[in-house]
Amino acid sequence: MGQWMVKGCMLAFLLWNGILDVRRQEVSLKSFWIFGTAGIVLNLWLRYQTWWELLGGMGVGVFLVAAAFLTREAVGCGDGLLVCVTGLYLGMWENISLLLGGTAVCALVMALGLMLGKVRRKDRFPLVPFLLLVYAGRLLV
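Here is what the cut-offs are and how they apply
- Just so you know, the residues in each chain are numbered from 1, in the order the chain's sequence is written.
- It should be noted that, the model being predicted, local features are given only for residues of pLDDT at least 70 and side-chain atom pairs only at 80 or more, the latter also being counted only at that level, while totals for whole chains, interfaces and linings use all residues.
- Values shown for side chains rest on all heavy atoms present in the structure; no hydrogens or waters enter the calculation.
- Helix and strand assignments come from DSSP, with helices taken as H or I runs of at least 4 residues and strands as E runs of at least 2, each series counted from the N terminus.
- We take the radius of gyration over the C-alpha atoms and set the globule estimate at 2.2 Å times the residue count to the 0.38 power.
- Exposure categories follow from relative accessible area, calculated using a 1.4 Å probe and restricted to protein chains: below 20% of the type maximum is buried, above 50% is exposed, and the middle band is partly exposed.
- The contact definition used throughout considers only heavy atoms, calling two residues in contact when any of these lie within 4.5 Å.
- Exposure was quantified through the Shrake-Rupley algorithm and a 1.4 Å probe, taking into account, for residues, occlusion by the shown protein chains and nothing else.
- Residues counted as positive are Lys and Arg, residues counted as negative are Asp and Glu, and His and the chain ends are not counted.
- Just so you know, the charge point we use is NZ for Lys, CZ for Arg, CG for Asp and CD for Glu.
- Each salt bridge in this description consists of a side-chain nitrogen of Lys or Arg and a carboxyl oxygen of Asp or Glu lying within 4 Å of one another.
- Pairing of aromatic rings covers Phe, Tyr and Trp, the last counted by its six-membered ring, and requires centre-to-centre distances within 6.5 Å; plane angles under 30 degrees mean stacked, over 60 mean edge-to-face, and any other angle means tilted.
- Placement of a positive charge over a ring is assigned whenever Lys NZ or Arg CZ falls within 6 Å of the ring centre and within 35 degrees of the normal to the ring plane.
- Only the contacting stretch of a helix is used when fitting its axis, a line to C-alpha atoms as for every element, and angles between N-to-C directions run 0 to 180 degrees.
- Relative orientations are named as follows: roughly parallel for angles under 35 degrees, roughly antiparallel for angles over 145 degrees, roughly perpendicular for angles from 65 to 115 degrees, and oblique for any other angle.
- Handedness of a crossing is defined here by the sense of rotation of the near helix relative to the far one, left-handed for an anticlockwise turn of less than a right angle and right-handed for a clockwise turn.
- Basically, the charged four are Asp, Glu, Lys and Arg, the nonpolar ten are Ala, Val, Leu, Ile, Met, Phe, Trp, Tyr, Cys and Pro, and anything else, Gly included, counts as polar.

### Brief notes about the overall build of the chain
Within the chain, the secondary structure is distributed over 6 helices and 0 strands. Order of helices (α) and strands (β) in the chain, N terminus to C terminus: α-α-α-α-α-α. What you see for the chain is a C-alpha radius of gyration of 15 Å, in line with the 14 Å of a compact globule of 141 residues. Dimensions along the principal axes, computed over C-alpha positions, put the chain at roughly 50 × 35 × 25 Å. Burial status across the chain gives 42% buried among its 141 residues. A separation of at least 24 residues holds for 67% of the contacts in the chain among residues at least 6 apart in sequence. Looking at the chain as shown, the accessible area adds up to about 8700 Å², and 70% of this sits on carbon and sulfur atoms. Put simply, the chain has 12 plus and 7 minus side-chain charges, and the middle of one group is 5 Å from the middle of the other.

### Concerning the pattern of salt bridges
If the charged atoms of two oppositely charged side chains come close together, the side chains can form a pair. All chains considered together, the criterion is met by 3 salt bridges. The salt bridge involving R138 is made with E94; its shortest N-O contact spans 2.1 Å. Here E94 lies in helix 5 (residues 92–116) and R138 lies in helix 6 (residues 128–140), a separation of 44 residues in the sequence. Note that R120 and D123 form a salt bridge whose closest N and O atoms lie 3.4 Å from each other. Judged by its relative accessible area of 26%, D123 is partly exposed.

### Section: the packing of aromatic side chains
Inspection of the entire model under this criterion finds 4 aromatic pairs. Their ring planes at 75° and their centres at 5.9 Å tell us that W16 and F35 sit as a pair that is edge-to-face. A residue pair is termed long-range when its members are at least 10 positions apart, and W16 in helix 1 (residues 2–24) and F35 in helix 2 (residues 29–46) qualify at 19 residues. A residue is classified by how much of its surface remains accessible, and W16, at 32% relative accessible area, is partly exposed. Taken together, the ring pairs connect F13, W16, F32 and F35 into an aromatic cluster. A cation over a ring is seen here: K7 above W4, with NZ or CZ 5.4 Å from the ring centre.

### Details of the packing of helix 1 against helix 6
Put simply, helix 1 and helix 6 touch, their axes get as near as 8 Å, and they point 150° apart. Relative to helix 6, the element helix 1 is oriented roughly antiparallel. For the pair helix 1 and helix 6, the crossing hand works out as left-handed. Across from K7, M10, L11, L14, L15, N17, G18, D21 and V22 in helix 1, the residues of helix 6 making contact are V128, P129, L131, L132, Y135 and L139. Within the contact of helix 1 with helix 6, the residues separate by chemical class into 11 nonpolar, 2 polar and 2 charged.

Function cannot be inferred from these measures alone, as they are strictly geometric.
And the structure:
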């Protein structure tokens, strides 16, 4: 039952922010506090990963936040903070896998949009819906 609580929280977190990212091109800081706290509490209660795995998962997000500052927001800072929270639930390697999968699907959709003339090269794409898609796909497989 504990694993379903973790997976449910993660899915709800990505769904909430995925909808916001599509509609407003922003993510919810309030959700970061709510789901970040829930992730820490669940980890303390269920002990499903070590502290090193938890910190490593958050480190992936910290790396993205640093990339956002270095690239002047070519990668959104909110996306980096979101990946910090997903790291609380997934740990480092699963978080890296989610991020790589989400960016790969985003790149494929953007490439298809470029070929069909629906997307311009400078257009911005929301990342969170693609992370949600990859995570939901992993839950179903």
